[in-house]
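Overview (structure and organization)
Chain by chain, the residues run as shown.
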Amino acid sequence: MSDSKIYPVSDELAATAHINNEKYLAMYEQSINDPDTFWGEEGKRLDWFKPYTKVKNTSFDPHNVDIRWFEDGTLNASYNCLDRHLATRGDQVAIIWEGDDPSESENITYRDLHERVCKFANALKSRGVEKGDVVTLYMPMIPEAAVAMLACTRIGAVHSIVFGGFSPEALAARIEGANSKVVVTSNYSLRAGKSVPLKLNVDKALEHEAAKACVDSVIVVKRVEQDVAWNDSVDVWYEDLVANASADCPAEEMEAEAPMFILYTSGSTGAPKGLKHTTGGYMVYAAMTHEYAFDYKDGDIYWCTADVGWVTGHSYIVYGPLANGATSLMFEGVPSYPDNSRFGRVIEKHKVNQFYTAPTAIRALMQQGEDVLGDSDLSSLRILGSVGEPINPEAWEWYYRIIGQNRCPIVDTWWQTETGGMMILPLPGATAAKPGAASRPFFGVQPALLDADGNELEGATDGNLVIKDSWPGQSRSIWGDHERFIQTYFTTYKGYYTTGDGARRDEDDYYWITGRVDDVINVSGHRMGTAEVESALVAHPAVAEAAVVGYPHEVKGQGIYVYVTLQAGFEQSDELLKELRMHVRSEIGPIASPDLIQFAPGMPKTRSGKIMRRILRKIAEDDFGALGDTSTLADPSVVDDLIEHRMNRK
Ligand code: ATP
Ligand code: MG
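Anyway, here's the lowdown on the structure attached to this text. Positions within a chain are numbered from 1, following the residues in the order the chain's sequence is written. The naming scheme follows written order: chains are lettered A onward, ligands numbered 1 onward. Since the coordinates come from a predicted model, pLDDT governs what is reported: local features require at least 70, and pairs of side-chain atoms require 80 or more to be given and counted, while whole-chain, interface and lining totals use all residues. Side-chain numbers come from the whole structure's heavy atoms, not from hydrogens or water.

Before going further, it helps to spend a moment on the pattern of salt bridges. The term salt bridge refers to a pairing of a side-chain nitrogen on Lys or Arg with a carboxyl oxygen on Asp or Glu at a separation within 4 Å. In total, this model carries 40 salt bridges according to the counting rule given. One salt bridge in this structure joins Arg345 and Asp375, with 2.9 Å as the shortest N-O distance. Residue Arg345 is found in helix 14 (residues 342–350), and its partner Asp375 is found in the loop between helix 15 (359–366) and strand 19 (383–386); the two are separated by 30 residues along the sequence. Of the charged contacts in the structure, one is a salt bridge between Lys434 and Asp508, with a shortest N-O distance of 2.7 Å. In this pair, Lys434 sits in the loop between strand 20 (410–412) and strand 21 (447–450) while Asp508 sits in the loop between strand 24 (497–505) and strand 25 (511–516), placing the two residues 74 residues apart along the sequence. Note on classification: 1.4 Å probe, protein chains only; a residue is buried when its accessible area is under 20% of the maximum for its type, exposed when over 50%, partly exposed between these limits. Overall, Asp508 belongs to the partly exposed group, its relative accessible area being 41%. Salt bridges linked by common partners bring Asp295, Lys297, Asp300 and Arg382 together as one network. Helix and strand labels come from DSSP, where a helix needs a run of H or I of at least four residues and a strand needs a run of E of at least two; each type is numbered from the N terminus.

Before going further, it helps to examine the sheet that holds strand 23 (residues 477–478). Between any two strands, pairing holds if DSSP finds at least two bridges. Sheet architecture is open: eight strands sit in the order 12-11-8-6-7-14-15-23, paired in mixed fashion. At either end of the open sheet lies a strand with only one pairing partner, and these are strand 12 (235–237) and strand 23. Two elements, strand 8 (residues 182–186) and strand 11 (residues 217–221), share five bridges in a ladder whose sense is parallel. Within strand 11, the position partnered with Val183 by the bridge is Val218. Where helix 13 (residues 311–323) meets the sheet, it contacts strand 7 (158–161) and strand 14 (259–264), and its direction lies at approximately 135° from that of strand 14. What makes two residues a contact is simply this: any of their non-hydrogen atoms within 4.5 Å. For every element, the axis is a line fit to its C-alpha atoms; helices are fit only across the contacting stretch, and the angle between N-to-C directions ranges from 0 to 180 degrees.

Moving on: the environment of Thr606. As for its placement among the helices and strands, Thr606 is situated in the loop between strand 30 (596–599) and helix 20 (613–620). For Thr606, a relative accessible area of 2% corresponds to the buried category. Measuring from C-alpha to C-alpha, the distance between Thr606 and Ser186 comes to 23 Å, with 420 residues separating the pair along the chain. Beyond its immediate chain neighbours, meaning those up to four positions away, Thr606 contacts Ser266, Gly267, Ser268, Met612, Thr632 and Ala634. A distance of 3.0 Å separates the side chain of Thr606 from the side chain of Ser608, its partner in a polar contact. Two N or O atoms form a polar contact when they lie within 3.5 Å of each other; inside protein one atom must be a possible hydrogen donor and the other a possible acceptor, and for residues adjacent in sequence the pair counts only when both atoms belong to side chains.

In structure tokens, the structure reads:
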């Protein structure tokens, strides 16, 4: 793909953006050569109660993984997102909330939000929550979710958000794992006009003895006027608690390295990991990446479509934008309700300037055809973002043309729950984009590619993507299991942070994420990432989505097994099978020619929308008895269908 198209930075953006190419190069160099000075300056974008005198103190040595940033400073995350803005932007909208029902929306100013957060913070205190306690949030995308996050951090409580789509079992495990004494939820959540019984799920989670033993309060937001089962000794209405609460709640002074939140990974490659993020470094990094990646300027309306249950929602709906005094849109609904034009309607209604979504959403829209957004006015858009999976060049081009109207740069942001913020991305005023490439590292980030023996590779090549030194947003540990943290990220290649992803570096030093290292396919000695083969398939007009895995093959070592979801209007046929094989051969070469192709009505995905290739691999190997941890699988019925129609029966 070295002959890929290049989309240069427009002259206008190069002239007006926070960061142009010259600035990028100079700042990048300083961030690597003199991190203390660089981050010492950047840290000042926050308000500190006690300024730090030390900046970086980090070690990736597997015997002593220890990561500290700004360690002798004190601050408060909630204060940085709210109080410090009151004098200058109290009347500015902090959160635009757009409900599931298009007739419902609300504008919440910084002053309103501050008051709501203070009241709920006092309410939490009234239920016995103290500094260092863990509060589990199991909530829909309603303003109270952001309020609860900021209320926790205000009083030094650690929040652990469990995505509202998870089962009672997954919720129970996370409550226990964190020994959480309070759960905040809502009676129901609304999704595409239907109500989902969140409170009932909490009740079921608390049927697990160990979870029940931890929790002494369940605080319930009344999202809809509908009854729920009630246990007076534990349950309390959110509305009743805040009605009597004082709006005066000074922000707790926290050490920079005080834990701020726990958050689990998506569980794409195995059992989810509950990562610990701390206050100072995380906040500096979230704020800075948000400002630069989206070239955020005062007055812009910014929309990230993620759920607050994922790290993207933490860093880029709540903490990054609010630390920057931004207006952040929070969307309760789904892209297909009331119809498929919803994203366009919301962009038009609120005059959104920056729009940040995931490849899975883009591919779903693509499937509906080019006029999917109807006559929505998208002229307010300036910058687009993508996160979560590699974006196939075909999907990138569609996003650019149909949503970006051939004028908005796309920022493809590679990062992880572990990294706290974006790591590799094309800054819109600095980096010419290549569709499908995450491109260049953010400040302070030193990617490297290693071979299987841990040797650093030079030049244009592919390998295991690692990071050579710490950056402020990095997770500090796995909650309650530092040993697993070390084992998972710091022992495979000593002295490096191992990402678990593979990448290719091209002749312009751009990084292309090729997929998970676990998913690399080895055909007759040729190693292939999944992303390239999948992108070739998605480029065929009949293909909406594709997933590629290896399976044991007598001659080649591994064969290529392909799962394909067709575009609306295409039917499976032998002709089409032949055509798809030919298509991959001509796009990549005979070596990548699929051995088996299964038509799949749907892919197994995590709740955050990522394809779970480890399950597809099991099915391809005809070994689906034990599918591993499926607690984060969105729709188990998809798997049954795939098993039923599997191609490789022994
Ligand atoms: P688990 O770690 O539990 O297996 P997960 O890795 O899917 O789950 P997340 O932290 O939500 O959990 O996802 C991070 C991963 O998502 C990255 O390691 C990468 O594989 C993928 N990813 C995210 N953004 C991009 C992107 N822009 N391009 C390519 N891959 C991406
Ligand atoms: Mg991961």
